[in-house]
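Structure at a glance
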Amino acid sequence: MTRAIRRSMSLLLSTVFLRNGAVAFAPVLSQRASSSSSTVLSATTRRIGIFGGGTVGGGIVEILQRKQDHFRVLTGGNSMEIVSLCVRDKSKERDFTLPDGVTVTDSYSDILQDDSIDIVVEVMGGVTDAKTIVETAIRNGKDVVTANKALIAKHLPEIQALLEQVNQKRLAANEKPVEFRYEAAVCGGIPVIRSMQTDFVGDDISMLSGIINGCTNFMLTEMDQFGKSYDEALAEAARLGYAEADPTLDVGGFDARSKLRILMRLAYGVEVDEEEISCRGITELTKLDFEYAKMMGGTLKLIGVAKKLPGNKVAAFVSPCYVTGNDALASVNGATNAVEVISANLQSTTYIGQGAGRYPTANSCVNDLVSLTKGDANPAPFNPVSTDTIFVNNYDSVFYIRIKYRDQVGITRQCGEICERHNVSIHSILQNPVTRRDDAAFVLITEKVPLQAVKNVCADLEGLDWCRGPTYYMPVLREDWVSVKA
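To start, this report covers the structure provided alongside it. (Residues numbered from 1 in each chain as written. Predicted model: local features only at pLDDT ≥ 70, side-chain atom pairs only at ≥ 80, totals over all residues. Heavy atoms only, no water.)

**Let's talk about the packing of aromatic side chains**
Aromatic rings considered in pairs are described by the distance between their centres and by the relative angle of their planes. Taken as a whole, this structure holds 10 aromatic pairs when the rule is applied. Ring geometry for Phe 442 versus Trp 466: centroids 6.4 Å apart, planes at 35°, classification tilted. Here Phe 442 is found in strand β18 (residues 441-446), whereas its partner Trp 466 is found in the loop between α15 (451-462) and β20 (472-476), with 24 residues between them in sequence. We classify Trp 466 as buried; its relative accessible area is 0%. Of the aromatic side chains, those joined through ring pairs into one cluster are Phe 317, Tyr 395, Phe 399 and Tyr 473. (Phe/Tyr/Trp six-rings, centres within 6.5 Å; stacked < 30°, edge-to-face > 60°. Helix = DSSP H or I, 4+ residues; strand = E, 2+ residues; numbered from the N terminus. Buried < 20%, exposed > 50% of the residue type's maximum accessible area, 1.4 Å probe, protein only.)

The structure is reproduced here in structure tokens:
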């Protein structure tokens, strides 16, 4: 790169690790003119109102104060000023120090109706008041930065339509379009949103899969590496602050489903109600499942998967999955998140980092604020909608089926007959030595078959007198799992 080119653009580098161990740098070019340009741009101050003074809000305040001089240089002399902080309880003591002159309020209108505030940061959570705040800010011509995955997953089409409506009028009036940024909404500190917006525009994504919930990945790591039960792992996650008082959104897979829905829109342009995405959490996993996973040479992870199918179709699910021991996602442990994108041009790209927490999430919010202060623009924050891509709530995979049983003659034969009836080919049958007859179980590994066929097999098995209680099934992540293991 010549010196002239270096002077003519500002280059931001975000690092991602490729599956083969290489490191890639994804450039994001600023739209601001260089200092060597003959056009002199006057410095501006972006005035910020923050909704939410909790963990993430405090982190944003701290980072903006600590690095304000650096940000001023990075944005070509521009600055960011926190004007107001809106909280539920003004009297509550905060664990961070606000800059002098910041107004603390409990009134939404103090920020939304203040014409001097031109960026609204929403980190209060929820989908009711947060929706009102975001929509009002957009209507009032304020840029929005949010970390609210639930809001976006549920109301993405409405937010997009409002942005288009408002910006049409603003452009007609020669006014700057409103920007909507949400890097922190998916995987906290991992820059996966911006990468999906900029680094795959000339590529074709065939599959994305990710460990996109830190609480459940921590729990599964505890169950795998330390032999803990589900209840013991959940208690430890709660003690360390990874699990909420009501952990349903995490352990039920619903948090991961919201993130997957957003990634699907960015990757494939497909609009889908998140309720339509097949979702199974980790509540039914047992120590026995981890024993069988180790017997097969791998482990279990809660993974969100979306993949392209023939005929412009996209399938997706959130489920515990068996992954081989040498898989890129198998070694992602603790509360760490990871997203793997398989595409035609880049082949396999894996993003790994902290998916939640004060500073990882705040860091992504601050990155969005810096981008806005530099003058970067993104007219299509959710990427274009595909008019010919269809979501289908079914997919083909190799499946793991765990079956509890009462010992009797003919079990293997009946399993084979039921599988044959539903065109399910059995790859192998696994059984550990029986130590307790009241808890005996074996596992069927199928060949690649449709999900619905596996559901039909499980329903028929549960109707047999020797089958004790519900069966449990989950997909094997890779179709070539046997050859990978070998």
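Let us keep going from here.
**Let's talk about empty space enclosed by the protein**
Any empty space left between the atoms is revealed when a probe the size of a water molecule rolls over them. Counted by the stated rule, this structure contains two cavities of 30 Å³ or more. Taken as a whole, the largest cavity spans an internal volume of roughly 50 Å³. Lining of the largest cavity is provided by Val 305, Lys 307, Phe 317, Cys 321, Asp 396, Ser 397, Val 398, Pro 475, Val 476, Leu 477, Arg 478 and Glu 479. Elements that contribute at least two residues to the lining of the largest cavity include exactly β11 (298-309), β12 (313-324), β16 (396-404) and β20. Among the elements that take part in the lining of the largest cavity, β16 stands out by supplying three residues, more than any other. A per-class count over the lining of the largest cavity returns seven nonpolar, one polar and four charged. (1 Å grid on protein atoms, 1.4 Å probe; cavity = no way out; pocket = protein on both sides within 12 Å on 5 of 7 lines; lining within 4 Å. Points joined across faces, edges and corners; volume = space filled by probe spheres on them. Nonpolar A, V, L, I, M, F, W, Y, C, P; charged D, E, K, R; others polar.)

**A word on the nonpolar core**
Within the largest apolar cluster, 87 residues are counted, with the highest numbers of intra-cluster contacts made by Ile 138, Phe 180, Met 196 and Met 264. Ignoring anything within four residues of it in the chain, the contact list for Phe 180 reads Val 134, Ile 138, Val 144, Thr 146, Ile 152, Ile 159, Leu 163, Pro 381 and Phe 382. Listed in part, the 37 residues of the second largest apolar core include Ala 330, Val 424, Leu 461 and Cys 467. (Core = buried A, V, L, I, M, F, W, Y, C linked by side-chain atoms within 4.5 Å. Contact = heavy atoms within 4.5 Å.)

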